[in-house]
Amino acid sequence: MLDKDATIVSVKHEVLYQVAKHAFAGDLEEKRDQIPFDIIPGPQANFRCCVYKEREIIRQRIRVAEGRSPIQDKENRNIVQVVESACEGCPINRYVVTDNCQRCMSRKCQQACNFHAITIMRDKAVIDTQLCKECGKCYQACPYNAIADLMRPCKRSCPVDAISMDENKIVVVDENKCIHCGQCIKNCPFGAIMDRSFMVSVINLINSGLPVYAMVAPAGEGQFGNASMADLAEGIRQLGFADMYEVALGGDFVADSEAKEWLEAYQEGKKMTTSCCPAFVTMVKKHFPQLEENISTTVSPMSAVARLIRAEHPGAITVFIGPCIAKKSEVIESITQDNADYALTFEELDAMFHAKGVELQASNAVLQQGSIYGKKFGASGGVTAAVLQAFKEMNAEVDAKVAQCNGAQECKKALLMMKVSKLPEDFIEGMACEGGCVNGPGSVKAEMQSRRDRAALFSKADGRGIRDNIAPYYDKYQISLHRK
Amino acid sequence: MEITICIGSSCHLKGARDIVAKLEKIIEEKNLTDRIHLKGAFCMGKCSVEGVSIKLDDELFYLKPEDIEQFFQDEIMRRVSA
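Below you will find a few notes about this structure. (Residues numbered from 1 in each chain as written. Chains lettered and ligands numbered in written order. Predicted model: local features only at pLDDT ≥ 70, side-chain atom pairs only at ≥ 80, totals over all residues. Heavy atoms only, no water.)

**Some points on the overall build of chain B**
Now for step 1: Within chain B, the regular secondary structure consists of three helices and four strands.
Now for step 2: Seen in sequence order, chain B has helices and strands lined up from the N terminus as β-α-α-β-β-β-α.
Now for step 3: Taken over C-alpha atoms, the radius of gyration comes to 12 Å for chain B, in line with the 12 Å a tight globule of 82 residues would show.
Now for step 4: Seen along its three principal axes, the alpha-carbon backbone of chain B occupies a region of about 35 × 20 × 20 Å.
Now for step 5: Per-residue burial over chain B gives 48% buried out of 82 residues.
Now for step 6: Taking all contacts inside chain B whose residues are at least 6 apart in sequence as the whole, residues at least 24 apart take part in 66%. (Helix = DSSP H or I, 4+ residues; strand = E, 2+ residues; numbered from the N terminus. Rg over C-alpha atoms; globule rule 2.2 N^0.38 Å. Buried < 20%, exposed > 50% of the residue type's maximum accessible area, 1.4 Å probe, protein only. Contact = heavy atoms within 4.5 Å.)

In structure tokens, the structure reads:
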């Protein structure tokens, strides 16, 4: 993967693969202690100081892959978990004077520092790390840009400032602030931050013989090369799932429902945001609570399809599979909302395919449940395009302006504007991942790598409209699309 | 107050979803929706224990669906009215 370190991805995959393999075989309980030795046979260490540390890291990763906290007696509720033994504590001091320092006469850095941490030595200015409070004034003041800001990658990637360090410089994620966007997981060069997994639970339920249904996110097209939704469904059935649904169909339901909601809000002059990105929704709830009532009451596409599956197959267990880590929090937070029972990532699905020896075959079989608009839900701008299409199909004349927020930073800016009633647009499309779900942290391929296959698969989709597509389901099941 | 119900596979098979539905019903009947928040949780690791793992704030209990009414009277009401 281009934007992830190949070695970390392979270590994480190896752990998920081993755990999935033993869960399918039903011998995880007996084999759990053996896995670290299978992955790290030794006697030479590969990346860390010794094999004992490497095996301990694997042990902690196994616990997270089983849905637990990495250390037995340090359980917490976070979805984003820090594998403490893997965290190197990044012993870097945030501000460092580089060789660009000209030892200038103005000494702006020294003047800017309120903590007397800067001394001008013979060759350059030097920052006393004991005194430095990491305020960044010297960094801003230097006329030569000679002071480097070396923020830890996890902290730098976090859009909501949820990351801090404990006294040993090990990362701590503040669950009160975390929106589960997964950026820190994606950006830690040691793979020390992981998302808890429902994978073992899902495999156990498959093994128990209950009807478990998969729902695959629209970002899935292109994630597994040229395998179409029909090919994915075939592979997923080989894993033991009863069947697979396209979440793009839920996208159609949501587009239609939000179009109706937006129309009402627009006439009332009320601003509104989308509700399908769980990281965005959590950002509103935790960081802009006064805007919570501006979130559309339409459920997410995942939730819509879960409700549809339960209507068609009473007693079904519903499992969302997508590129998203925040969906796991949506599942946990909305257990009373008739939402999906579990959520998995494409990484986890990939490990399950590997564990079961399933190889996806590109075939001529066709499965299209969502319209092309629903299928494009997972890219930035996709929700807006679908809602506008629904307006068109309703013959509604709405000149609505939408702030299409691409990535958490843009979401934050637009929400800030909305909070002070200065947002020029009428609606916010919030997607916490840059580029949309197609760049989600639980993907197996970045958008750049899946783009070509995605476009090829989309070109085969028929041109059905959103409302025609969902009308038969509405007539048959009368599913509610709103939060309870 | 927060009630956290384990939704791991083992608890699922022991009736976690029934417990959620029952709790939801009682909470609605007693008009406590504003005061009690139900939440799911990843596997709490107590799979071999009889009963579903449930946390009231941070205190752990193991319950069967049929125990819920009594449990609500004995434990939850006491905490809510406290």
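Next comes the rest of the account.
**Observations regarding the overall build of chain A**
Now for step 1: If you tally the helices and strands in chain A, you get 20 helices and 15 strands.
Now for step 2: Counting only C-alpha atoms, chain A reaches 80 × 60 × 40 Å along its principal axes.
Now for step 3: Taking all 484 residues of chain A together, 56% fall into the buried category.
Now for step 4: Considering only intrachain contacts with a sequence separation of at least 6, the fraction spanning at least 24 residues in chain A is 74%.
Now for step 5: The averaged location of the 61 negative side-chain charges in chain A is 6 Å from the averaged location of its 58 positive side-chain charges. (Lys, Arg positive; Asp, Glu negative; His and termini not counted. Charge placed at Lys NZ, Arg CZ, Asp CG, Glu CD.)

**Details of helix α3 (residues 68–81) of chain B**
Residues and elements named next belong to chain B.
Now for step 1: Its maximal kink placed at E75, α3 deviates by approximately 30°.
Now for step 2: Taken as a whole, α3 has its buried residues at I68, F71, F72, E75, I76 and V80.
Now for step 3: Tucked inside the fold, the buried residues of α3 contact β1 (2–6), α2 (16–29), β3 (52–56) and β4 (59–63). (Bend = angle between axes of the 7 residues up to and from the residue.)

**Some thoughts on the pairing of strand β2 (residues 37–41) of chain B**
Residue and element names in this part refer to chain B.
Now for step 1: With respect to burial, β2 is a largely interior element, four of its five residues being buried.
Now for step 2: Here β1 runs beside β2; their pairing, made up of five bridges, is parallel. Looking at β2, one finds that C6 is bridged to A41. (Pairing = 2+ DSSP bridges.)

**Some remarks on the layout of surface pockets**
Now for step 1: Its boundaries defined by the atoms lining it, the second largest pocket holds a volume of some 570 Å³.
Now for step 2: The wall of the second largest pocket is formed by 27 residues, among which L28, E29, R32, E66 and R68 of chain A lie closest to the centre.
Now for step 3: When contributions to the lining of the second largest pocket are tallied by element, the ones reaching two or more residues are α1 (6–25), α2 (28–31), α3 (35–39), α4 (51–65) and α9 (199–207) of chain A together with α1 (9–13) of chain B.
Now for step 4: Of the residues belonging to the lining of the second largest pocket, the class tally is eight nonpolar, 11 polar and eight charged. (1 Å grid on protein atoms, 1.4 Å probe; cavity = no way out; pocket = protein on both sides within 12 Å on 5 of 7 lines; lining within 4 Å. Points joined across faces, edges and corners; volume = space filled by probe spheres on them. Nonpolar A, V, L, I, M, F, W, Y, C, P; charged D, E, K, R; others polar.)

**Side note on the sheet that holds β4 of chain B**
Residue and element names in this part refer to chain B.
Now for step 1: The strand order across the open sheet built from four strands is β2-β1-β3-β4, with neighbouring strands paired in mixed fashion. In this open sheet, the two strands that pair with only one neighbour each are β2 and β4. Pairs of neighbouring strands in the sheet enclose a mean axial angle of 25°, with direction left out of account.
Now for step 2: Packed on one face of the sheet, α2 meets β1, β2, β3 and β4 and runs near 160° to β1.
Now for step 3: Set on the sheet, α3 makes contact with β1, β3 and β4; between it and β4 the angle comes to about 165°. (Axes fitted to C-alpha atoms, helices over the stretch in contact; angles between N-to-C directions.)

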